[in-house]
Amino acid sequence: MNAPVSQESFRVLLRSQKVWDVALPAFDPAQAPAAPLPLFHEWFAEAVAAGQAEPHTMGLATVDETGLPDVRTVMLHDADDRGWHFASHAGSAKGHQLAVRPEAALHFYWPAQARQIRVRGRVTEAPHHEAITDLHARSTGALAAALVGHQSEVLSSSDELARASAAAWERAAAEPDADAASWTLYVLDPVEVEYFQGDARRRHVRLRYRRDDGASEHPSWVRALLWP
């Protein structure tokens, strides 16, 4: 077992860490599209090209019935005209929280390019057949994890998990079309999306899109620059 790290050693280590020790891309908000989704697709492709590890992971923040916030890292499943998609078991902590308060926030951080994206909006459940179609398009491991179930429940021992996981992997391999009844695909319909481009001199660019439903059948977006 490693020796404990002292408070002072921790502070020295913390303050010695570098931020964005890479060449940063330029971002001209005047050239940004009128709606936020095309820019997300563009930045995502650029993050992949820049070698950003796991650019499809994101922070998901929800609020429980008492108003206490919660956050965790989840995987992005899609981003289209309906919104940003993610999945989980309906009986998980996030599933319970979204059932009570169906609003959430997402956060992407891509340090390879000093970029962040924040998304806020209302969350709805996609039809179950969409959730299962999405699940079956993923890996055997994804299906096995969904078949294990019991997400966020108290686990009695690691042996119990090992047995359940082994059985789920065996079933996923034998039944690639197996259903996972509680597996749910969620869609966050954005009301606000912010793009953040870091700058070495701390003159960060922040471009916020805020939806204006107005009287139009199709929502429009109001863009604004924010102080860093």
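Residues numbered from 1 in each chain as written. Predicted model: local features only at pLDDT ≥ 70, side-chain atom pairs only at ≥ 80, totals over all residues. Heavy atoms only, no water.

A. Layout of the nonpolar core. Counting residues in hydrophobic clusters, the biggest one holds 29 residues, and the most contacted among them are F40, W84, F86, F108, I117, Y195 and Y209. Elements supplying a minimum of two residues to this core: α2 (36–49), β1 (57–63), β4 (83–89), β5 (103–110), β6 (115–125), β7 (183–197) and β8 (205–212). Considering each element in turn, this core owes the most residues, five residues, to α2. Residue contacts for I117: discarding those within four places in its chain leaves F40, W43, L106, H107, F108, W110, V193, E194 and Y195. Core analysis: the next-biggest nonpolar cluster, separate from the first, contains 17 residues, A87, A126, L147 and A178 among them. (Core = buried A, V, L, I, M, F, W, Y, C linked by side-chain atoms within 4.5 Å. Buried < 20%, exposed > 50% of the residue type's maximum accessible area, 1.4 Å probe, protein only. Helix = DSSP H or I, 4+ residues; strand = E, 2+ residues; numbered from the N terminus. Contact = heavy atoms within 4.5 Å.)

B. Representation of the packing of helix α5 (residues 140–148) against helix α6 (residues 158–174). Two numbers describe how α5 lies on α6: the axes approach to 8 Å, and their chain directions differ by 125°. It follows from the interaxial angle that α5 and α6 lie oblique. Along this stretch, α5 crosses α6, giving a crossing that reads as right-handed. Residues T140, G141, L143, A144, L147 and V148 of α5 touch α6, and the partners they reach there are A164, S165, A168, W169, R171, A172 and A173. Taken together, the residues that form the contact of α5 with α6 break down as nine nonpolar, three polar and one charged. (Axes fitted to C-alpha atoms, helices over the stretch in contact; angles between N-to-C directions. Parallel < 35°, antiparallel > 145°, perpendicular 65-115°, else oblique. Left-handed = near helix turned anticlockwise from the far one by under 90°. Nonpolar A, V, L, I, M, F, W, Y, C, P; charged D, E, K, R; others polar.)

C. Looking closely at the pairing of β4. Counting buried positions over the seven residues of β4 gives seven, a clear majority of the element. Here three bridges tie strand β3 (residues 78–80) to β4, and the two strands are oriented antiparallel to one another. Across the sheet, A79 pairs through a bridge with W84, a residue of β4. What sits between β3 and β4 in their antiparallel hairpin is a turn of two residues. Taken together, the six bridges between β4 and β7 define a ladder with antiparallel strand orientation. (Pairing = 2+ DSSP bridges.)

D. Examining the packing of aromatic side chains more closely. Tallying each qualifying case throughout the model produces eleven aromatic pairs. Between W20 and F196, the ring centres sit 6.2 Å apart and the planes meet at 50°, which makes this aromatic pair tilted. Of this pair, W20 sits in the loop between α1 (7–15) and α2 while F196 sits in strand β7, and the two are 176 residues apart along the sequence. The exposure class of F196 is buried, given its relative accessible area of 11%. Taking the centre distance of 5.4 Å and the plane angle of 20° together, the rings of F86 and Y186 count as stacked. Taken together, the residues span a long stretch of sequence, with F86 in strand β4 and Y186 in strand β7 at a distance of 100 residues. Take F86 and Y186: they sit in the same class, and that class is buried. Here a set of aromatic residues connected by ring pairs shows up, and it is made of F40, F44, W84, F108 and W110. The positively charged end of R115 is found above the aromatic ring belonging to W43, 4.0 Å away from the centroid. (Phe/Tyr/Trp six-rings, centres within 6.5 Å; stacked < 30°, edge-to-face > 60°. Lys NZ or Arg CZ within 6 Å of the ring centre and 35° of its normal.)

E. Representation of the pairing of strand β2 (residues 69–75). Strand direction decides the pairing type here: β1 and β2, joined by seven bridges, are antiparallel. From the neighbouring strand, T62 faces β2, where its bridge partner is D70. With antiparallel pairing between neighbouring strands as the criterion, β1 and β2 make up a hairpin whose turn holds five residues, including G67 at a positive phi of roughly 95°.

F. Main features of the side chain of D64. Within the secondary structure layout, D64 lies in the loop between β1 and β2. Buried and without a salt bridge, D64 has R101 as its closest oppositely charged side chain, separated by 6.4 Å. Of the polar contacts made by the side chain of D64, one reaches the backbone nitrogen of L68; its length is 2.9 Å. (Lys, Arg positive; Asp, Glu negative; His and termini not counted. Salt bridge = Lys/Arg side-chain N within 4 Å of Asp/Glu carboxyl O. Polar contact = N/O pair within 3.5 Å; in protein donor to acceptor, adjacent residues only side chain to side chain.)

G. Here's a closer look at a nonpolar patch on the surface. On the surface, a nonpolar cluster with roughly 300 Å² of combined accessible area is contributed by V5, F10 and L14. One can find L14 in helix α1. (Patch = residues over 30% accessible without salt bridge, like charges linked within 9 Å, V, L, I, M, F, W, Y side chains within 5 Å. Areas by Shrake-Rupley, 256 points an atom, 1.4 Å probe, with all protein chains shown as cover.)

H. Layout of α5. Every buried residue belonging to α5 is among L143, A144, A146, L147 and V148, and all of these are buried. Against the buried residues of α5 lie β4, α4 (128–136), α6 and β7. Once α5 finishes, G149 follows within two positions and takes phi at roughly 70°, a positive value.

Function-wise, these values are silent; they only describe arrangement.
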